[in-house]
Amino acid sequence: MTKHVIVILCCVTCFIAACVKDKPNPVSHQLPNTTHRGMLLCNEGAYGNNNGELSFLDLENHTLYNDLFRTANAKSLGDIVQSVSFINGLYYVVVNHSNKIVIVDPFTFKELNSIPVQSPRLITQVSPGKAYISCLYFPRIYVLDLNTNTIINTITTDHPNTEQMRCRNGAC
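Fair warning: this is a prediction, and the values are worked out from it, not measured in the lab.

Engineer: Looking at this structure, how should I read the overall build of the protein?
Structural biologist: What the protein contains, in helices and strands, is 2 helices and 11 strands. For the protein, the sequential pattern of α-helices and β-strands runs α-β-β-β-α-β-β-β-β-β-β-β-β. A total of 172 residues make up the protein; the buried ones form 34% of that total. The long-range share in the protein, meaning contacts at least 24 apart out of those at least 6 apart in sequence, stands at 36%.

This is how it looks when you write it as structure tokens:
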């Protein structure tokens, strides 16, 4: 019986000692120095919670900056941040469940434009003025004019959904 009490007390002590009262990485609500060497991170968020976001990992200062879009724009980026591509000096952030692509300034993280697209998945630049956008739920690829940021065409495919696209042998 005494052994059981000692085991229970040890377990309780471990649980109490493992608790952290404060968040270990509180949100700083600061924007990073993006001229530093670093990585932009897509945070997908929880489905249906409209909490997708961007973060920046500063590899020079070993600092993580969270909630960049919300900090710069005072609003949510959207529901399910699927991917981000750097095209013509701007971030094109694909927000799948919100049915849009948000164009973001890479230094200020301010929203410059938003393109409505049904179920976007990934975006691939195929020429200086054109990009293809894959579609999660439909057999199509959208053609985006990068000069006007409008969908100018749709390519129908034989598959129920399109995923990653790659240029091959100069075909783009």
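The structure having been displayed, the exposition proceeds.
Engineer: What is the right way to look at the sheet that holds strand β5 (residues 90-95) in this model?
Structural biologist: Within a sheet, adjacent strands bond to each other through the backbone by hydrogen bonds, running parallel or antiparallel. Read from one edge to the other, the open sheet built from 4 strands follows the order β4-β5-β6-β7, with strand pairing classed as antiparallel. If you trace the sheet from one side to the other, it starts and ends with β4 (81-87) and β7 (111-116), each paired once. Between one strand and the next, the sheet's axes are offset by a mean angle of 20°, whatever the strand orientation.

Engineer: How should the packing of aromatic side chains be read in this particular structure?
Structural biologist: The geometry of two aromatic rings is summed up by the distance between their centres and the angle between their planes. Under the definition given, this model contains 2 aromatic pairs. Residues Tyr 91 and Phe 109 carry aromatic rings whose centres are separated by 6.4 Å and whose planes lie at 20° to one another, so their mutual orientation is stacked. Placement of the pair is Tyr 91 in strand β5 and Phe 109 in the loop between β6 (100-104) and β7, with a sequence separation of 18 residues. Side by side, Tyr 91 and Phe 109 carry an identical accessibility label, which is buried. Connected via pairs of aromatic rings, a cluster forms that spans Phe 86, Tyr 91 and Phe 109.

Engineer: I would appreciate a short explanation of the pairing of strand β2 (residues 53-58) in the present structure.
Structural biologist: Each regular strand carries side chains that alternate between the two faces of the sheet. The buried fraction of β2 is high, at 5 of 6 residues. The sheet contact formed by strand β1 (residues 38-43) and β2 spans 6 bridges and is antiparallel. Of the residues in β2, the one forming a bridge with Cys 42 is Leu 54. Alignment of β2 against strand β3 (residues 63-65), held across 3 bridges, turns out to be antiparallel. By the bridge assignment, Asp 58 is partnered in β3 with Thr 63. Once β2 ends, the chain turns through 4 residues before running back antiparallel as β3, passing His 62 with a positive phi of about 55°.

Cut-offs and rules
Residues numbered from 1 in each chain as written. Predicted model: local features only at pLDDT ≥ 70, side-chain atom pairs only at ≥ 80, totals over all residues. Heavy atoms only, no water. Helix = DSSP H or I, 4+ residues; strand = E, 2+ residues; numbered from the N terminus. Buried < 20%, exposed > 50% of the residue type's maximum accessible area, 1.4 Å probe, protein only. Contact = heavy atoms within 4.5 Å. Pairing = 2+ DSSP bridges. Axes fitted to C-alpha atoms, helices over the stretch in contact; angles between N-to-C directions. Phe/Tyr/Trp six-rings, centres within 6.5 Å; stacked < 30°, edge-to-face > 60°.

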